[in-house]
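Descriptive analysis of the structure
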Amino acid sequence: MGNRMLEEEKVFKDPVHRYIHVRDELIWDLIGTKEFQRLRRIRQLGTTFLTFHGAEHTRFNHSLGVYEITRRIIEKFEGRPHWVPEERLLCLSAALLHDIGHGPFSHSFEKVFQTDHEWWTRKIITGDTEVREVLSRMGDDFPQKVADVIEKTYPNKLVVSLISSQIDADRMDYLQRDAFYTGVSYGHFDMERILRVMRPMEDQAVIKYTGMHAVEDYIMSRYQMYWQVYFHPVTRSAEVILSKILQRVKALSESGYSFRYPPVHFEGFFSEKPLSLSDYLELDESVVMYYFHMWQKEEDPILKDLCERFMNRRLFKYVEFHQEHFMNEWSRLEQLFRKIGIDPDYYLVIDSSSDLPYDFYRPGEEEEERLPIHLIMPDNRLRELSRESDIVEAISGKKRTDHKLYYPEEWLHTPGAEKEKREILHILQAHPGKTETEF
Amino acid sequence: MLPEHAKIMALLQEAGEIVGRKKLQKIVYIGKKMKLPFQEKYTYHIYGPYSEELTLRMEELCSLGFVKEVKEQKAGYAQYCYHLTENGARFLDQFPLSWPAEYARPLVTALNERSAKFLELVSTMLYFEELPKEEVKEKVFTLKKSQNFTETDLEEAWDFIDSLRMIPFPVK
């Protein structure tokens, strides 16, 4: 059956890109599938709304944004060498569907329940779903091709690189969108300029040398958004509590605890029987928040407390944690917490930068797995960005590790076990860093 | 967080030294496929399965002084070697880690004896192992064209995978 052009172009009003244009019936119908509509109920930034109250935007907005940027890139590529026009719809479909497998608060879910959204993405695209039905109009192998592009195993690397590389439609959308919705002043760069200077090559899109400064701006926003938004310590505190709720629910289920509000929608994650695709698609953030709300009334004191903390934003405090603390104080703190009746498995948590699914620009060395950003020079040679840009060189490969220790500070100021609590506070107060949940 | 760092340290302790970032990436991936309890998330990249999380974790371990990274200049490119430091060993010693050492030792030794290129092939094949063998071969020849792997290489890799699976896994 293939694709048809819509009789009239459809547009979505978008605060980041102004308009999102849809002319292909295939894309229009994909947006209308129930699997894609589900993304309206999954926030793009997980728990960040507890720090930046505007950050309520969803994977639905973002997916449309990635589609729109990809559409604009392709428009610029049409007629240039290396670009294969027949790949247009494949590229657009992959851009639109690249996050389709994300679940609610997916990073924490994936850690605790050992699942991954990439696997679900493949299942949604190639399984018994409305998405696959729509994609199959383009041919029986089309859904698999879309899944391959998203999984980065499609042979045409240029197509893959538009959606997944160090300067791709995905990052260009989320940086701008996250900046807009959080209200921070970082994250802005001249995307129009970048699109104008992007050129298709065999394996990736490269940047015309004259556009280097626009790319510098993009790299800087990536760097600033990382520290100011993605790794914000208050957001991380909420993420820690969220993970601990899930960990507790799992432990209680496995121990045969009798829930007042049984975690029916989560059971597939605990039991031997694998979670079905339709069960997975039932889960979204509204469902999860309902459980958290109800579990505030559970008898288990840990689950009840953690849910109350999450729902009412009574987050953990934190201190910075360094090497000497790992060496000398970690096990002592654990002992002291146990002694005063606070379970350190749930209430003494180290969060590291490697726990975060965001990264910085890497210039790429011999053994690096990720292609760096390349500039195309006037003589047609390719040069890695940081070799030409002092700004990029200055922020590439620098220290970017960080560890914070999260704990319920108010419990250390209650009566009882004063000696142990004093010792805990003494250890924690010796650390540099904040003990307030600041914005 | 800490247990995941400790597992990488335990791996380095078993291995002694791992030469090359690519090799380290592939050892952890294959180890994970062979049921070592790693939790790093992998996706497909230039040289096959790659984990950004592992890269960051290694940077953290180096910055904490638990792992030493030595950069060696090879003909035209840099290579990185990793080993556990004394502080790292001391920390690991006091950390209550659940790690199947008896199982890990022969597995890690077998992996570390192989070249990064061979492990790249093995990990790529394992990445696609849900597919029929013929399709795995097709994937390897398409995605790894520049590496010029031969049918014999693939057979050797399958045999190697089988031999890893023969190592008895401890029953609880």
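Given the structure is predicted, the values throughout are model-derived calculations rather than measurements.

Quick notes on the overall build of chain B
Broken down by element type, chain B carries eight helices and five strands. Across chain B, helices and strands are ordered from the amino to the carboxyl terminus as α-β-α-β-β-α-β-β-α-α-α-α-α. For chain B, the C-alpha radius of gyration of 16 Å lies close to 16 Å, the compact-globule estimate for 172 residues. The 172 residues of chain B split such that 56% are buried. Counting every atom, chain B has about 7900 Å² of accessible surface; 50% of that belongs to carbon and sulfur. Between the mean site of the 24 positive side-chain charges and the mean site of the 26 negative ones, chain B shows a separation of 2 Å.

Describing the side chain of Asn112 of chain B
Residues and elements named next belong to chain B. Tracing the backbone through its elements, the reader meets Asn112 in helix α5 (residues 101–112). Residue Asn112 is classed as buried on the basis of its relative accessible area, which comes to 17%. When neighbours within four sequence positions are excluded, Asn112 is seen to be in contact with Ala15, Glu17, Ile18, Lys23 and Ile27.

A closer look at the sheet that holds strand β5 (residues 77–84) of chain B
The strand order across the open sheet built from three strands is β1-β5-β4 (chain B), with neighbouring strands paired in antiparallel fashion. Edge positions in the open sheet fall to β1 (18–19) and β4 (67–74) of chain B, since each of these has one partner strand only.

Regarding the state of the cysteines
Residue and element names in this part refer to chain B. Scanning the entire structure with this criterion turns up zero disulfides over all chains. No disulfide involves Cys62; its sulfur sits 12 Å from the nearest other cysteine sulfur, which is in Cys81. Overall, the relative accessible area of 24% leaves Cys62 in the partly exposed class.

A word on the pattern of salt bridges
Pairs can form between side chains of opposite charge whenever their charged atoms are close. Throughout the structure, instances matching the rule amount to 47 salt bridges over all chains. Taking the shortest distance from any N to any O, the salt bridge between Glu9 of chain A and Arg23 of chain A comes out at 3.2 Å. On the criterion of sequence distance, the pair formed by Glu9 of chain A in strand β1 (residues 5–14) and Arg23 of chain A in strand β2 (residues 18–24) is long-range, its members being 14 residues apart. Judged by relative accessible area, which is 35%, Arg23 of chain A ranks as partly exposed. Ionic pairing is found between Glu102 of chain B and Arg105 of chain B, a salt bridge with its closest N-O pair at 3.6 Å. Residue Glu102 of chain B and its partner Arg105 of chain B are located together in helix α5, separated by three residues, close to a single helical turn. Residue classification places Glu102 of chain B among the exposed positions, given a relative accessible area of 65%. Within this structure, Glu9, Arg23, Glu68, Arg71, Arg72, Glu75 and Glu192 of chain A form a network of salt bridges that share partners.

A short note on the side chain of Ser63 of chain A
Residues and elements named next belong to chain A. As for its placement among the helices and strands, Ser63 is situated in helix α3 (residues 59–77). Among the residues examined, Ser63 registers a relative accessible area of 0% and is labelled buried. Ignoring sequence-local partners within four residues, the contact set of Ser63 consists of Phe36, Leu39, Ala95, Leu96, His98 and Asp99.

Comments concerning helix α4 (residues 88–97) of chain A
Counting buried positions over the 10 residues of α4 of chain A gives nine, a clear majority of the element. Leu89, Leu90, Cys91, Leu92, Ser93, Ala94, Ala95, Leu96 and Leu97 of chain A are the residues of α4 of chain A that are buried.

Some points on the sheet that holds strand β6 (residues 349–352) of chain A
Residues and elements named next belong to chain A. A sheet is described by the order of its strands in space; here three strands give the open sequence β5-β9-β6, paired in antiparallel fashion. Pairing within the sheet leaves two strands with one partner each, and these edge strands are β5 (317–320) and β6. With strand direction ignored, the average angle separating the axes of adjacent strands in the sheet is 30°. Pairing between β5 and strand β9 (residues 403–407): four bridges, direction antiparallel. Pairing of Val319 across the sheet is with Leu405, part of β9. Of the strands in this sheet, β5, β6 and β9 are in contact with helix α13 (residues 233–254), which crosses β9 at around 60°.

With respect to the interface of chain B and chain A
With 44 residues of chain B at the interface, the matching set in chain A holds 41 residues. A combined buried area of about 3600 Å² lies between chain B and chain A, and 50% of that area is made up of carbon and sulfur atoms. Counting across the interface, chain B meets chain A through four salt bridges. Lys139 of chain B is paired through a salt bridge with Asp148 of chain A; the nearest N and O atoms lie 3.4 Å apart. The interface formed by chain B and chain A holds eight residue pairs in polar contact (both at pLDDT 80 or more) in total. Sorting the residues of the side of chain B that touches chain A by element identifies α1 (2–15), α2 (21–33), β2 (43–45), β3 (48–50), α3 (52–63), β5, α4 (86–94) and α7 (133–143) of chain B as the ones contributing at least two each.

Here we look at the domain arrangement of chain A
How big an interface is tends to be expressed through the accessible area that disappears when the partners come together. Residue and element names in this part refer to chain A. Split into domains, chain A comes out as domain 1 (5–231 + 361–395) and domain 2 (316–357 + 400–439). For domain 1 and domain 2, the distance between their C-alpha centroids amounts to 38 Å. Of the residues lining the interface, eight residues belong to domain 1; the matching set on domain 2 comes to 10 residues. Together, the buried faces of domain 1 and domain 2 total about 800 Å²; carbon and sulfur atoms form 62% of this surface. Contact with domain 2 buries area across many residues of domain 1, yet His107, Trp227 and Phe231 alone supply 56% of it, more than any other trio.

A look at the confidence of the model for chain B
Within chain B, residue pLDDT values average 92, and 99% of them lie at 70 or more. Element-level mean pLDDT values for chain B span from 89 in β4 of chain B up to 97 in helix α8 (residues 151–166) of chain B.

A look at the nonpolar core
One broad rule of soluble globular proteins: the nonpolar side chains tend to lie buried together. Residue and element names in this part refer to chain A. Leu97, Met172, Tyr218, Ile245 and Trp295 are the most contacted members of the largest nonpolar core, which has 201 residues in total. Split by domain, this core shows at least three residues from each of two domains, domain 1 (5–231 + 361–395) and domain 2 (316–357 + 400–439). Ignoring sequence-local partners within four residues, the contact set of Tyr218 consists of Gln166, Ile167, Asp168, Arg171, Met172, Leu175, Phe189, Ile194 and Ile373.

Describing the pairing of β4 of chain B
Residues and elements named next belong to chain B. Sheet topology note: the β4/β5 ladder contains eight bridges and is antiparallel. Bridging from a neighbouring strand, Lys68 pairs with His83 of β5. Linking two consecutive strands that pair antiparallel, namely β4 and β5, is a turn of two residues; a positive phi of about 85° is found at Gly76 within it.

Parameters at a glance
Residues numbered from 1 in each chain as written. Chains lettered and ligands numbered in written order. Predicted model: local features only at pLDDT ≥ 70, side-chain atom pairs only at ≥ 80, totals over all residues. Heavy atoms only, no water. Helix = DSSP H or I, 4+ residues; strand = E, 2+ residues; numbered from the N terminus. Rg over C-alpha atoms; globule rule 2.2 N^0.38 Å. Buried < 20%, exposed > 50% of the residue type's maximum accessible area, 1.4 Å probe, protein only. Areas by Shrake-Rupley, 256 points an atom, 1.4 Å probe, with all protein chains shown as cover. Lys, Arg positive; Asp, Glu negative; His and termini not counted. Charge placed at Lys NZ, Arg CZ, Asp CG, Glu CD. Contact = heavy atoms within 4.5 Å. Pairing = 2+ DSSP bridges. Disulfide = S-S within 2.5 Å. Salt bridge = Lys/Arg side-chain N within 4 Å of Asp/Glu carboxyl O. Axes fitted to C-alpha atoms, helices over the stretch in contact; angles between N-to-C directions. Buried area = accessible area lost by both parts, 1.4 Å probe. Polar contact = N/O pair within 3.5 Å; in protein donor to acceptor, adjacent residues only side chain to side chain. Domains from an automatic or database assignment. pLDDT = per-residue confidence, 0-100. Core = buried A, V, L, I, M, F, W, Y, C linked by side-chain atoms within 4.5 Å.

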